[in-house]
Amino acid sequence: MKFGISTFITDQGIRPTALGPAVEDRNFDSLFIAEHTHIPANRRSPYPAGGELPEIYYRTLDPFVALSAAAAVTERLLLATGVALVAQRDPIITAKEVASLDLVSSGRVIVGVGVGWNREEMENHGTDPSTRGQLVDERLMAMRTLWTEEKAEFHGRFVNFGPVYSWPKPVQRPHPPIYVGGGPAAFPRVAALGDAWLANSLPPGELGPLIERLRATAGRDVPVTVYAAPSTPEAVEGYMRLGVERVLFYLPTKLEKESLEWLDRLAEVAARFR
């Protein structure tokens, strides 16, 4: 089983140029970072975890800028969005950003995607929350077309363009892997458009039945990565029994010194199972 790090990179925490090498040096294989463009001041959508919305949601760096900075100072680390909010992103620009990052990192990108939960945030981007799932599906299909075809075009209900030329193409073929986030409602999207399921912080006891349900929906053995997984040895053992491909320990957003101390503790847990 592989081990990675999931976190929010903000203007108040460790810089990506320090974080990337620190994660790589501690033998984690990947760095998954969250995205929010903004948080509306008059938000009505409840925070899914309950309680007050943490300030880190207000302050995330653009994920592709942050991951490019990390790419420049690492050699092996996989660079991932966890998750990119495709419902709030232009597909042509996003396809360009992913392909550019994949090129400058020599093929180290994972595209973690989700539909999002903050209805007011997506409305500010012109997205109707009631159709955001359909919108995300079309945008993902359009992005795959842009990555894989020399003269790309796409004609759907929400996305319509082409024929167009769009370069660079990704280094990875046919394109960087797409990890689809979300719960059971996202399983058809995983089956149709995903290379893996990005499960959000589910303990092994809850995850096992959902993996079976996902694989029944997809008709194949879908790899699973767990975002913000519990870092206890008991939880890791449970994930190993389930055949999880990767667990992502959550790194709180702290300044550099404290972040490195957290990483040391998380690396000690991972080392017990390597």
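The structure we're discussing is the one just above.
Now for a description of the structure that goes with this document. (Residues numbered from 1 in each chain as written. Predicted model: local features only at pLDDT ≥ 70, side-chain atom pairs only at ≥ 80, totals over all residues. Heavy atoms only, no water.)

From N to C terminus, the protein includes nine helices and 11 strands. The C-alpha radius of gyration of the protein comes to 18 Å, within 12% of the 19 Å expected for a compact globule of 274 residues. Overall, the C-alpha framework of the protein stretches about 50 × 45 × 40 Å when taken along its three principal axes. The buried share among the 274 residues of the protein stands at 53%. Counting only carbon and sulfur atoms, one obtains 51% of the accessible surface of the protein, whose full area is about 12,200 Å². Taking the 29 positively charged and 33 negatively charged side chains of the protein as two groups, their mean positions are separated by 2 Å. (Helix = DSSP H or I, 4+ residues; strand = E, 2+ residues; numbered from the N terminus. Rg over C-alpha atoms; globule rule 2.2 N^0.38 Å. Buried < 20%, exposed > 50% of the residue type's maximum accessible area, 1.4 Å probe, protein only. Areas by Shrake-Rupley, 256 points an atom, 1.4 Å probe, with all protein chains shown as cover. Lys, Arg positive; Asp, Glu negative; His and termini not counted. Charge placed at Lys NZ, Arg CZ, Asp CG, Glu CD.)

One broad rule of soluble globular proteins: the nonpolar side chains tend to lie buried together. One finds I5, F28, W197, L207 and F249 to be the most contacted residues of the largest nonpolar core, which totals 67 residues. It is helix α5 (residues 132–148) that provides the largest number of residues to this core, a total of six residues. Those residues in contact with I5 that lie beyond four places of it in its chain are V23, F28, S30, L31, F32, L248, F249, L251, L263 and L266. In terms of nonpolar packing, the next biggest core, distinct from the first, is built from 18 residues, A34, Y47, Y179 and L248 among them. (Core = buried A, V, L, I, M, F, W, Y, C linked by side-chain atoms within 4.5 Å. Contact = heavy atoms within 4.5 Å.)

The pairing of strand β2 (residues 30–33) with strand β3 (residues 78–81) spans four bridges and is parallel. Pairing of L31 across the sheet is with L79, part of β3. Chirality of the crossover, the property in question, places the unit of β2, helix α2 (residues 63–72) and β3 among those that are right-handed. With two bridges connecting them, β3 and strand β5 (residues 109–114) associate as parallel partners. For A80, the partnering residue across the bridge sits in β5 and is I110. (Pairing = 2+ DSSP bridges. Right-handed = clockwise from strand over helix to strand, strands pointing away.)

For the pair α2 and helix α3 (residues 91–104), interaxial distance at closest approach is 10 Å and the crossing angle is 5°. Classified by the angle between their axes, α2 and α3 sit roughly parallel to one another. Here F64, L67, S68 and A71 of α2 come into contact with α3, specifically with E97, V98 and L101. Classifying every residue of the contact of α2 with α3 gives five nonpolar, one polar and one charged. (Axes fitted to C-alpha atoms, helices over the stretch in contact; angles between N-to-C directions. Parallel < 35°, antiparallel > 145°, perpendicular 65-115°, else oblique. Nonpolar A, V, L, I, M, F, W, Y, C, P; charged D, E, K, R; others polar.)

What follows covers a nonpolar patch on the surface. There is a patch of nonpolar side chains on the surface, built from L103, V104 and V171 and spanning about 260 Å² of accessible area. Within the secondary structure, L103 sits in helix α3. (Patch = residues over 30% accessible without salt bridge, like charges linked within 9 Å, V, L, I, M, F, W, Y side chains within 5 Å. Salt bridge = Lys/Arg side-chain N within 4 Å of Asp/Glu carboxyl O.)

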